[in-house]
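Per-entry structural report
This is what each chain is made of:
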Amino acid sequence: MLPSAMRFLGNLLLGRDPDQRLHTLLTLVGWTTCVLMSVAHYAEAVLGLADEANTSWLAVFSTIGALLFYLLMRSGVAPQWVTHARLSWVQASWATVAICWAYALSGPARGAAVLLLVLLPLFGMFSLTPRQTWRMAVAAYLAVALVMAWKAQVEPERYDPRIELLHLVFAGIVLSVSSVLATLIGRLKRQSEQERSKLACALERIEALATHDELTGLTNRRAAGERLRRAAREPGASMCVAMIDLDRFKQVNDSRGHAVGDEVLRHFARVARQTVRAEDMLARWGGEEFLLLMPATTPEQALTVLARLRERLRAAPLACAGAGYTVTFSAGVAPCGGAGEADLDAAIARADDAMYRAKREGRDRTLLQPVAA
Ligand SMILES: Nc1nc2c(ncn2[C@@H]2O[C@H](COP(=O)(O)OP(=O)(O)OP(=O)(O)O)[C@@H](O)[C@H]2O)c(=O)[nH]1
């Protein structure tokens, strides 16, 4: 109960998309920081160390800003060009103004505001490149330096120029160290992202190799077996299977070499793939033998598909296999009533028999093997 309530609340506050969740969470952390800083400033005002009206205006400025960023991030209504990096720049500028303001109003406790500068590069590293993070740190440093110089100029009795100089040195140290850390963490983040995408590519490749024939790119026999079992489990599904075997393929290998033989197999696979429907399954069953599963197909329709394939192969001769060479095949088609795996296995065996009959009867033909009486 409690975990699902937490999940509901998390989804409500942060959204579902992982990227959006991260950036929305960051704006919420930023918002919380504003609230805590406002409480600290009020304490300063209560102690008579800061001007109360000024403190209230700063609290309004920071809270409204944080709320707007949160709503923009959470609602996802921002236009396409408002990238996380661009929004980060705006947020960093807004935070820099808030920190400078806090420094200017805090009087004797202003040194604490310098500490807040640490947060700028640490928040920025989630969306900015290391170079952008450094640029943002330099901009924040110049802004805070300007405020220090201005206060030392107009209120030298409260903002002693020597102390301002010390604060400026501290601000430099704090910003440099946090920028170095942000750069290092950013680099680690990028490295892990690269590793992750390499791993995803490798997994994709392993999956493709496990389910596809490397030479033709068709479904391999193992994956075809699984697909056939799934098809067989569909109750009452009527379908057709065809066993297809290229004719006199050995001659191509013997006369033109194995590489040309491979090209013939690839050529056949290409043409066949373009001929069958997306829901059909064409698999490399053995050397030059292919299995075609045609769901929701009558025997007449299956014969039409194979006739079309034969025509397309005839219309696309393969020059590398010799002048005038066209790929021909012998095929056997068998219907399957969808009465389970045994029924489908029997249909494959019948299609195989028909294919061998087609070979015996002179090749380059398709024979239908109806259901045994
Ligand atoms: N190039 C190439 N040849 C292969 C591959 N797999 C099997 N073969 C060859 O395919 C040939 C099949 O020859 P056969 O079974 O005699 O069949 P065929 O020459 O097509 O004769 P018919 O089927 O009777 O028309 C053999 O020479 C195998 O070595 C492959 O991946 N690449």
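Everything numeric in this text was worked out from a predicted model, so none of it was measured.

**Some words on the overall build of the protein**
The helix and strand inventory of the protein stands at 13 helices and 5 strands. Looking at the protein residue by residue over its 373 residues, the buried ones come to 43%. Here the analysis covers contacts within the protein between residues at least 6 apart in sequence; of these, 71% occur between residues at least 24 apart. Here the protein displays about 20,500 Å² of accessible surface, and carbon together with sulfur accounts for 64% of that area.

**What about the UniProt feature "transmembrane region" (unreviewed entry) in the protein?**
Summarizing the sequence annotation, UniProt attributes the feature "transmembrane region" (unreviewed entry) to residues 21-43, 55-73, 85-105, 111-129, 136-153 and 165-188 in the numbering used throughout. When the span residues 85-105 is considered, its composition is 100% helix and 0% strand, and the gap between its end C-alpha atoms is 30 Å. End C-alpha to end C-alpha, residues 165-188 measures 35 Å, and it is 100% helix and 0% strand.

**Remarks on the site of the ligand**
Neighbouring the ligand are 17 residues, the closest being Arg248, Phe249, Lys250, Asp262 and Arg284. Lys250 is positioned with one of its backbone polar atoms (N or O) 2.7 Å from an oxygen atom of the ligand. Contact between the ligand and Lys359: an oxygen atom at 2.8 Å from a side-chain N or O atom of the residue. Expressed as a share of its isolated accessible area of 660 Å², the protein-covered part of the ligand is 68%. Elements represented by at least two residues in the shell around the ligand include exactly β1 (239-246), α10 (249-256) and α11 (258-275). Sort the elements by how many residues they give to the shell around the ligand and α11 lands first, with 4 residues. A breakdown of the residues in the shell around the ligand according to their chemical character gives 4 nonpolar, 4 polar and 9 charged.

**Describing a nonpolar patch on the surface**
Among the surface-exposed residues, Trp134, Leu166, Val169, Phe170, Ile173, Val177, Val180, Leu181, Leu184 and Ile185 lie close enough to one another that they form a single nonpolar patch of about 890 Å² accessible area. Counting residues per element, the nonpolar patch draws most heavily on helix α8 (residues 161-211), at 9 residues.

**A short note on the side chain of Lys359**
Following the sequence through the fold, Lys359 ends up in helix α13 (residues 341-360). Given the relative accessible area of 15%, Lys359 is considered buried. The residues contacting Lys359, other than those within four sequence positions of it, are Asp245, Leu246, Asp247 and Ser330.

**Description of the pairing of strand β3 (residues 289-295)**
Of all 7 residues that make up β3, 6 are buried, and the element is covered over most of its length. Pairing of β1 with β3, which is carried by 7 bridges, proceeds in the antiparallel orientation. Note that in β3 the partner of Val241 across the bridge is Leu293. Sheet analysis places strand β2 (residues 281-284) next to β3, joined by 4 bridges and oriented antiparallel. Looking at β3, one finds that Ala283 is bridged to Leu291. Hairpin geometry of β2 and β3 is characterised by an intervening segment of 4 residues between the two adjacent antiparallel strands.

**Regarding the sheet that holds β3**
If you trace the 5 strands from one edge of the open sheet to the other, you get β2-β3-β1-β4-β5, paired in mixed fashion. The open sheet terminates on both sides in strands that have one partner only, identified here as β2 and β5 (366-368). Taking each pair of neighbouring strands and ignoring which way they run, the sheet shows an average axis angle of 20°.

**Observations concerning the packing of aromatic side chains**
Counted under the stated rule, the structure contains 7 aromatic pairs. Here the aromatic rings of Phe61 and Trp101 are separated by 5.5 Å at their centres, their planes lie at 50°, and the arrangement is tilted. Of this pair, Phe61 sits in helix α3 (residues 52-75) while Trp101 sits in helix α4 (residues 84-106), placing them 40 residues apart in sequence. Judged by its relative accessible area of 28%, Phe61 is partly exposed. Look at Tyr103 and Tyr159: their rings are 6.4 Å apart centre to centre, the planes differ by 50°, and that puts the pair in the tilted class. You can see Tyr103 sitting in helix α4 and its partner Tyr159 sitting in the loop between α7 (130-154) and α8, a full 56 residues away along the chain. One exposure class covers both Tyr103 and Tyr159, and it is buried. Pairwise contacts between aromatic rings join Phe61, Phe69, Trp94 and Trp101 into one cluster. The lysine or arginine in question, Lys151, covers the ring of Trp150, its NZ or CZ lying 4.7 Å from the ring centre.

**Re helix α2 (residues 18-46)**
The end-to-end C-alpha distance of α2 is 42 Å, a good match for the 42 Å that 29 residues give at a rise of 1.5 Å each. Of all the residues in α2, the buried ones are Gln20, His23, Thr24, Leu26, Thr27, Leu28, Gly30, Cys34, Ser38, His41, Glu44 and Ala45. One or two positions beyond α2, positive phi appears at Gly48, with a value near 80°.

**Focus: the packing of α7 against α8**
Contact geometry for α7 and α8: axes closest at 10 Å, N-to-C directions at 170°. When the axes of α7 and α8 are compared, the pair comes out roughly antiparallel. A per-class count over the contact of α7 with α8 returns 15 nonpolar, 6 polar and 2 charged.

About the thresholds
Here the residue numbering is sequential within each chain, running from 1 through the sequence in written order. Local features are withheld for residues below a pLDDT of 70 in this predicted model, meaning they are given only at 70 or higher, and side-chain atom pairs are given and counted only at 80 or more; totals for whole chains, interfaces and linings count all residues. Processing note: side-chain calculations cover all non-hydrogen atoms of the structure and skip hydrogens and water entirely. Each helix corresponds to a stretch of at least 4 residues labelled H or I by DSSP, and each strand to a stretch of at least 2 residues labelled E; elements are numbered beginning at the N terminus. Think of it in three bands: with a 1.4 Å probe and only protein chains considered, a residue is buried below 20% of the maximum accessible area for its type, exposed above 50%, and partly exposed in between. Only heavy atoms matter for contacts: two residues are in contact if any of them lie within 4.5 Å across the pair. Accessible surface is estimated by sampling points in the Shrake-Rupley manner with a 1.4 Å probe; for residues, cover comes only from the protein chains shown. UniProt positions are given in the numbering used here, feature names are shortened, and annotations may be inferred rather than shown by experiment. We call a residue near a molecule or strand when any one of its heavy atoms sits within 4 Å of it. We call two N or O atoms a polar contact when they sit within 3.5 Å, provided that within protein one can donate a hydrogen and the other can accept it, with sequence-adjacent residues counted only if both atoms are side-chain atoms. Just so you know the grouping, Ala, Val, Leu, Ile, Met, Phe, Trp, Tyr, Cys and Pro go in nonpolar, Asp, Glu, Lys and Arg go in charged, and all remaining residues, Gly too, go in polar. Candidates for patches are residues over 30% relative accessible area with no salt bridge; among them, like charges are joined within 9 Å and nonpolar side chains (Val, Leu, Ile, Met, Phe, Trp, Tyr) within 5 Å. Any Lys or Arg side-chain nitrogen located within 4 Å of an Asp or Glu carboxyl oxygen qualifies as a salt bridge. Following DSSP output, two strands are said to pair if at least two bridges run between them. Axis lines are fitted to C-alpha atoms, over the contacting stretch for helices. Their N-to-C directions set the angle, which ranges from 0 to 180 degrees. Stacked, tilted and edge-to-face are the three classes assigned to paired rings of Phe, Tyr and Trp, where Trp is represented by its six-membered ring and a pair needs centres within 6.5 Å; plane angles under 30 degrees give stacked, over 60 edge-to-face, the rest tilted. Should the NZ of a Lys or the CZ of an Arg lie within 6 Å of a ring centre and within 35 degrees of the ring normal, that charge is described as sitting over the ring. Here the expected length of a helix is defined as 1.5 Å per residue gap, with one fewer gap than residues. Convention used here: angles under 35 degrees read as roughly parallel, angles over 145 as roughly antiparallel, angles from 65 to 115 as roughly perpendicular, and any remaining angle as oblique.

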